[in-house]
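Notes for the structure review
Single-letter residue listing:
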Amino acid sequence: MCGIAGYTGPKEADSVLTVALERLKYRGYDSAGLAVLAEGDVGIRRAPGKLKNLSDLLAAKPLRGHTGIGHTRWATHGAPTECNAHPHTSNDGKVAVVHNGIIENHEHLRRELTAKGCIFRSETDTETIPHLIASLYTGDPLAAIRAAVGRLEGSYSLAVVFADKPGHIYAARQASPLLVGKGKREMLLASDLPALLPHAHQVCYLGEGEIADLTPEGIELWSFDGTPVTAAFAPIEITAEAVSKGDFDSFMAKEIAEQPTVLARLVDSRLRAGRLVEPDLGLDLKAVNHIVFLGCGTSWHAALLGKRFLEALARVHVEVDISSEYRYRNPIASGDTLVVAISQSGETADTLAGLRLARAKFIPVVGLVNVVTSTIARESSGMMPLLAGPEIGVASTKAYTAQVMAMYLFALQVAKAKGLLSLAQEESAIAAALLIPELAARTLALCEAEVAEAADLFASAHATVFLGRGGEHATALEGALKLKEIAYVHAVGYPAGEFKHGPIALVTNQLPVVCICPKDAMYEKMLSNLQEVRARAGRIIVVGEQGDRALQDLSDHLFPVATSADHMLQPLLSILPLQRYAYHVARRRDCDVDQPRNLAKSVTVE
Ligand code: M6R
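Described in the following lines is the structure provided in the data block. Computed from a prediction, not measured in an experiment: that's the story for all the values here.

**Considerations on helix H7 (residues 259–269)**
All of the buried residues in H7 are Gln259, Pro260, Val262, Leu263, Leu266 and Val267. Taken around the axis of H7, the buried residues stretch over an arc of 165°, which confines them to a single face. Summarising the contacts, the buried residues of H7 are in contact with helix H6 (251–257), strand S16 (271–272), strand S22 (382–385), helix H12 (398–417), helix H13 (423–458) and helix H17 (571–588).

This is the structure we're talking about:
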């Protein structure tokens, strides 16, 4: 979703801000802009499309000054045009605002401000804000912003500059993330940590309902009611390298390749002297008899596997809910219910709303998140970090496998707390988990040539079906989502047993059908599914064990995967060739794998 950046200090603001916006573009955007303060004026440059368009504009019409704000816009209200791009200004041009979120009462405010003589020049909800602030401004920016936020309904983070307040950036946060970075006699503002690098060394997360005044010397912070707040800074622990592509052509390729390391780090973090250690969740896991997993997209797919692990290992009743559905039900909860909110970003609006709904019902919520400083992490009663490192590609890859492994370890812990896991079972489960990183590395190497070859053949296919049973149904859904989102190929995942109840009508000799066939209890059933597709001349891609003759005979392509000692963990390996397949197909179709059209990395609006 939209990204905010701000800079005040000795450097040229436009150059710091354009780098910061580059680092925010993974969130998804369709236009961008800057406002820079200079000599009692606010200079504005905005451009639709890629950031290059803004850079070209700045090269042609430079903006000089040491204080400024910038924005990448992901359109909600109004098309991605120059006049809808941020910053938006008051009619006298003296107040400029960038905004992330949605102002829900914008129509009412627009009517009111228009009646007072304001002229609106965009279709955005955001434009109400500079007009509102300007109408309340009598020389005290904080008083005007405080009064303005009292009128705004919805979610927002804002950065504001005033032509007559050189060196100052004002910021406000209500339900959308905003971070302040401290450098050497310079302060920065951003929607996400990578945009503060490399200038800032310390970070402070603005709290809900807080207003900040940034100058190169420091920060002053208040709650919306005017009570002073102490800004808590912590060292920034990620490096600029961690958020760069390194030798890879895309973040997605880098993040797929990182999975063996990520999985090893995660498993190691949960072991002490060869035994499982419980994350400190502040919960009596023995007393938990009902778990609700909440997630969206890929995180929801991971939850489907979590359900299988918890039910099989800990015999706990588990529901999996799509966050946007859960939040509008009136879910039943009892004293032994636990909600687990699964989110890579920790900022997904629907998952956050589900978490808040659960907490309002006094249900404990554990966050299974990658970004440990995120809102979901902070609002959860307990936290299980994924330790996957920054995930920049819009398509979630390493966070997915980390989520799945984290849920396996969590299921073991619940089973252990309930006395359902003997020492021998614990040891063998740990041994199986410890083998996965090596098997993942082997799988990525093993499958690459076949995957690339199949992508060459099927890159122009109009649709693809993915079939799997048991845990591999989640793999089928996730494989289909990857192909849809980055290669724009219509794709669906089905439980293979359901295929003959309708979707099999789709099969022709033009349709690739990807069948996930591990050597587990469902293997023979999957062979029957392969026969059914083959009998109708479908093009078969199989994900299965290397050298499996039966699978080779029935398929056009076999994506070989290593075999896990524990069948339950096999989906961690089966998904790897499908991530690579989506990547290769996308490349052949000239798609931008890191920033697919219409998508955002953190979905902070409904
Ligand atoms: O940050 P989250 O895990 O909460 O994000 C949830 C979904 O938006 C996300 O998984 C989305 O589906 C990805 N684009 C999938 O690759």
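That shown, we press on.
**Comments concerning the site of the ligand**
Taken together, 15 residues sit near the ligand, with Ser299, Ser343, Ser345, Thr348 and Glu485 positioned nearest. Between Ser345 and the ligand, the recorded distance is 2.7 Å, taken from a side-chain N or O atom to an oxygen atom. Separating an oxygen atom of the ligand from a side-chain N or O atom of Thr348 is a distance of 2.4 Å. Summarising the interface, the protein chains cover 90% of the accessible area of the ligand, which totals 410 Å² for the free molecule. Placement of the ligand is best described as lying within the second largest pocket. By residue class, the composition of the shell around the ligand is five nonpolar, eight polar and two charged.

**Some words on unusual backbone geometry**
Of note, the bond from His86 into Pro87 is cis; its omega dihedral lies within 30 degrees of zero at 0°. The topology assignment puts Pro87 in the loop between strand S4 (67–73) and strand S5 (88–89). In this chain, Leu197 is followed by Pro198 through a cis amide linkage whose omega measures 0°. Considering the arrangement of structural elements, one finds Pro198 in the loop between strand S10 (187–190) and strand S11 (202–205). Phi at Ala273 takes a positive value of approximately 50°, unusual for a residue other than glycine. For Ala273, a relative accessible area of 83% corresponds to the exposed category.

**Brief notes about empty space enclosed by the protein**
The tally for this structure, following the rule as stated, stands at two cavities of 30 Å³ or more. Approximately 90 Å³ is the volume attributed to the largest cavity. Surrounding the largest cavity, Met1, Cys2, Arg73, Trp74, Thr76, His86, His99, Asn100, Gly101, Asp125, Thr126 and Val605 form its lining. With three residues, the top contributor of residues to the lining of the largest cavity is strand S6 (residues 95–103). Class assignment of the residues belonging to the lining of the largest cavity gives a composition of four nonpolar, six polar and two charged. Put simply, the second largest cavity is a space of about 50 Å³. Looking at the lining of the second largest cavity, its residues break down into three nonpolar, three polar and two charged.

**Some thoughts on the sheet that holds strand S12 (residues 210–215)**
For sheets, the rule is that strands pair by backbone hydrogen bonds, running either parallel or antiparallel. Strands sit in the order S5-S6-S7-S8-S12-S13-S14 across an open sheet of seven strands; the sheet is antiparallel. Across the chains shown, the open sheet's two edge strands, defined by having one partner strand only, are S5 and strand S14 (228–229). Bridging between strand S8 (residues 169–174) and S12 involves five bridges; their strand directions are antiparallel. For Tyr170, the partnering residue across the bridge sits in S12 and is Asp213. Packed onto the sheet, helix H5 (residues 141–149) meets strand S7 (154–162), S8, S12 and strand S13 (218–223) and runs at close to 160° relative to S7.

**Comments concerning the sheet that holds strand S27 (residues 557–561)**
Spatially, the five strands line up as an open sheet ordered S24-S23-S25-S26-S27, and their pairing is parallel. Each end of this open sheet is capped by a strand with a single partner; those strands are strand S24 (490–495) and S27. Each strand axis lies, on average, 20° off the axis of its neighbour in the sheet, ignoring direction. Taken together, the six bridges between strand S25 (residues 512–517) and strand S26 (residues 539–545) define a ladder with parallel strand orientation. When the sheet's bridge partners are listed, Pro512 is paired in S26 with Arg539. Packing of H13 onto the sheet brings it into contact with S25, S26 and S27, and relative to S27 it is tilted by some 160°.

**What about the pairing of S22?**
Every second residue of S22 is oriented toward a common face, the buried set being Gly382 and Met384 and the non-buried set Met383 and Pro385. In terms of strand pairing, strand S21 (residues 365–369) meets S22 through four bridges, oriented parallel. Its bridge partner lying in S22, Val369 is registered against Pro385.

**As for helix H4 (residues 128–136)**
By the burial criterion, the buried members of H4 are Thr128, Ile129, Pro130, His131, Leu132 and Ile133. Elements in contact with the buried residues of H4: S5, S6, helix H3 (106–115), H5 and S7.

**What about the pattern of salt bridges?**
Applying the stated criterion across every chain yields a total of 27 salt bridges. The closest approach of N and O atoms between Lys52 and Asp56, which form a salt bridge, is 2.9 Å. In this pair, Lys52 and Asp56 are both assigned in helix H2 (residues 51–60), four residues apart and thus about one turn of the helix distant.

**Topic: the side chain of Gln570**
Following the sequence through the fold, Gln570 ends up in the loop between S27 and H17. When near neighbours in sequence (up to four residues on either side) are disregarded, Gln570 contacts Glu472, Pro518, Val561, Ala562, Thr563 and Ser564.

**As for the pairing of S26**
Extensive coverage of S26 is indicated by the burial of five of its seven residues. Since S25 and S26 lie parallel, the crossover through helix H15 (residues 523–535) that links them has a hand, and here it is right-handed. Relative to S27, S26 is paired through five bridges, and the arrangement is parallel. Across the sheet, the residue bridging to Glu545 is Val561, located in S27.

**A look at the side chain of His88**
Mapped onto the elements of the fold, His88 is located in strand S5. Side-chain polar atoms of His88 contact the backbone oxygen of Ala85, separated by 3.3 Å. With sequence-adjacent residues up to four places away left out, His88 is seen in contact with Arg46, Cys83, Val95, Ala96, Val97, Ser122, Thr124, Thr126, Glu127 and Pro130.

**So, the packing of aromatic side chains**
Per the counting criterion, the structure on display carries five aromatic pairs. Look at Tyr137 and Phe162: their rings are 4.7 Å apart centre to centre, the planes differ by 45°, and that puts the pair in the tilted class. Placement of the pair is Tyr137 in the loop between H4 and H5 and Phe162 in strand S7, with a sequence separation of 25 residues. Note on Phe559 and Tyr581: the rings are 5.7 Å apart at their centroids and 50° apart in plane angle, and the pair reads as tilted. Note that Phe559 is positioned in strand S27 and Tyr581 in helix H17, a separation of 22 residues in sequence.

Procedures and definitions
- Residues numbered from 1 in each chain as written.
- Predicted model: local features only at pLDDT ≥ 70, side-chain atom pairs only at ≥ 80, totals over all residues.
- Heavy atoms only, no water.
- Buried < 20%, exposed > 50% of the residue type's maximum accessible area, 1.4 Å probe, protein only.
- Helix = DSSP H or I, 4+ residues; strand = E, 2+ residues; numbered from the N terminus.
- Arc of directions from axis to C-beta.
- Contact = heavy atoms within 4.5 Å.
- Near = heavy atom within 4 Å.
- Polar contact = N/O pair within 3.5 Å; in protein donor to acceptor, adjacent residues only side chain to side chain.
- Areas by Shrake-Rupley, 256 points an atom, 1.4 Å probe, with all protein chains shown as cover.
- 1 Å grid on protein atoms, 1.4 Å probe; cavity = no way out; pocket = protein on both sides within 12 Å on 5 of 7 lines; lining within 4 Å.
- Sits in = over half its atoms within 2 Å of the grid points.
- Nonpolar A, V, L, I, M, F, W, Y, C, P; charged D, E, K, R; others polar.
- Points joined across faces, edges and corners; volume = space filled by probe spheres on them.
- Pairing = 2+ DSSP bridges.
- Axes fitted to C-alpha atoms, helices over the stretch in contact; angles between N-to-C directions.
- Salt bridge = Lys/Arg side-chain N within 4 Å of Asp/Glu carboxyl O.
- Right-handed = clockwise from strand over helix to strand, strands pointing away.
- Phe/Tyr/Trp six-rings, centres within 6.5 Å; stacked < 30°, edge-to-face > 60°.

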